[in-house]
Amino acid sequence: MQKDLDIFVQLVNEMLEDEVANPVVVPIPVERLYDEIDIQLNDEPMIDEDFVPVLRKLVLNTPKTASKLFFNQLFGGRNSKAILGELLSVIMNNSMYTYKVGGPQIGVEKAIIRKISTLVGYDADAAEGTLAPGGSMTNLMGLLMARDAKDPNAKTEGMSMRMISYTSAESHYSLPKNVSFAGMGRDNVRFIEADDYGRMKPELLEKSIQEDIEKGYTPTFVNATAGTTVLGAFDPLRSIGEICKKYDVWFHVDGAYCGSVIFSDKLRKHIDGSELADSFTLNAHKMLSTPLSCSIIVVREKKRLYDTFANKASYLYQTENDEFNPGKISMQCGRRNDTLKLWTLWKSVGTNGLEDIVDHQFDLAQKARDYCADNPNYTLYNTGDSVAVCFNYKDIDPKVLCNKLYDDAEIMVGYGKFRDQEFVRLVTVNASNSHEDLANFFTKMEAFAEVNNL
Ligand code: ABU
């Protein structure tokens, strides 16, 4: 073990050093990947003297998602206290189904679930929650509970009614996928038009629900988004929640991206009405800076989790207190410890520190938007509180710009689309970035466009 730990420390140090000198990796074309790095598996063992250089090459050629020039996806950065927890959870290697096997780690998870439930606006004694490997999965859990709440026989006898789900046209792709997994049929998803800011129009949601009722269908699940994937927009939760209550439809909030505004006094207004939600997800690996993955779902009534996910297994549940046997409310059997990294971070910075992390990202985005707004070479496509900055520079095709920045190992940033308009989507979720780092992004990108005659 010690020898491999030494290799680990050595490689991490090399990687961190390299990341400063080369913040963006030169991409290896896919067709050359297996020629450039000895990835393929062999029958014969490899001694460390041969193996470590291969491992080093693999590590150093992997995209650097924590560098100051990574703005490509909805995660990034590196928080050392969170990493400390993550590394310990790997070494301890508990599975989070029972108290017998997870011990105090289960208590850590439950403490986090209680606190998040309270911040969402739930009664923590009535609420419950768990984790799954990513927002798509926690959203699926919300959907499955909605299906079973509407028809408890669905899980034993299969579907006997046409259950309809509703989501904004700007929401994450997991919803239609999950609907098919749940046996509810992709054709039974209604994509509700969003307004000019990318927020679901509640009046169109209500109209769509009424139309389905008239057709004899069963409105079952409404997915509202706190932080849409491209624009980072917030659906109006209170209005949507009231409609759900009126028509007895499960109200889920996909806050995977920006649900972490629950920590911010200044920004919580964007999820006003969250307490009306039946279920609420948030990904700490997005705005809270933990390593992937840390996706949490909290549910207003704990019974809902048990109704859908409870299971029996005498070989597993060998202690009495099921409250501390979270396998009973999980989609998984073996489940890695995804909460310790959030706990080590939370303990060390306090709830106020998490608020600072969240606020800082919005602040970075606002400064970047101000820069674009003040510069005639830029066109901005989103305004207001959002950790996405959607813009075009001069009349450069955003696809061409982003792809060339990537190919030339300059900057990792992606593009997105709202309605028919395509643009660069700069995401400011790396909380260790400073205003200077954002300024550097623009300087570098402008110089690159100039030099390359874009
Ligand atoms: N849920 C992650 C979405 C990926 C992205 O747009 O960055």
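Each value, and the rule that gives it
Residues numbered from 1 in each chain as written. Predicted model: local features only at pLDDT ≥ 70, side-chain atom pairs only at ≥ 80, totals over all residues. Heavy atoms only, no water. Axes fitted to C-alpha atoms, helices over the stretch in contact; angles between N-to-C directions. Helix = DSSP H or I, 4+ residues; strand = E, 2+ residues; numbered from the N terminus. Left-handed = near helix turned anticlockwise from the far one by under 90°. Contact = heavy atoms within 4.5 Å. Nonpolar A, V, L, I, M, F, W, Y, C, P; charged D, E, K, R; others polar. Buried < 20%, exposed > 50% of the residue type's maximum accessible area, 1.4 Å probe, protein only. Pairing = 2+ DSSP bridges. Core = buried A, V, L, I, M, F, W, Y, C linked by side-chain atoms within 4.5 Å.

## What to know about the packing of helix α13 (residues 340-373) against helix α15 (residues 435-451)
- Interhelical geometry of α13 versus α15 gives an angle of 40 degrees and a closest axis separation of 9 Å. As α13 runs across α15, the sense of the crossing is right-handed. Contacts between α13 and α15 pair Asp-363, Leu-364, Lys-367, Ala-368, Tyr-371 and Cys-372 from the former with His-435, Leu-438, Phe-442 and Glu-446 from the latter.
- Looking at side-chain class alone, the contact of α13 with α15 contains six nonpolar, one polar and three charged residues.

## Remarks on the pairing of strand β8 (residues 295-299)
- Within β8, five of the five residues are buried, which leaves the element mostly enclosed by the surrounding structure.
- Every second residue of β8 is oriented toward a common face, with Ser-295, Ile-297 and Val-299 on one face and Ile-296 and Val-298 on the other, all of them buried.
- The pairing of strand β2 (residues 128-132) with β8 spans five bridges and is antiparallel. Bridged to Glu-128 within β8 is Val-299.

## Observations regarding the nonpolar core
- Core analysis: the largest hydrophobic core is formed by 62 residues, its most contacted members being Ile-116, Leu-205, Ile-296 and Leu-342.
- A total of seven residues in this core trace back to one element, the largest contributor, which is α13.
- Not counting residues within four places of it along the chain, the set of residues in contact with Ile-116 comprises Ile-262, Phe-263, Leu-282, Ile-296, Val-298 and Trp-346.
- Listed in part, the 28 residues of the second largest apolar core include Phe-71, Ala-365, Ile-396 and Cys-402.

## Some details on the sheet that holds strand β11 (residues 412-418)
- One open sheet holds the five strands; their spatial order is β1-β11-β12-β10-β9, and the pairing between them is mixed. Each edge of the open sheet carries a strand with a single partner, namely β1 (70-71) and β9 (378-380).
- Here β1 runs beside β11; their pairing, made up of two bridges, is parallel. What sits directly across from Phe-70, in β11, is Met-412.
- Along the sheet face, α13 touches β9, β10 (388-393) and β12 (421-427) and points at about 20 degrees away from the line of β10.
- Strands β10, β11 and β12 of the sheet are contacted by helix α14 (residues 398-407), whose axis makes an angle of about 160 degrees with β11.

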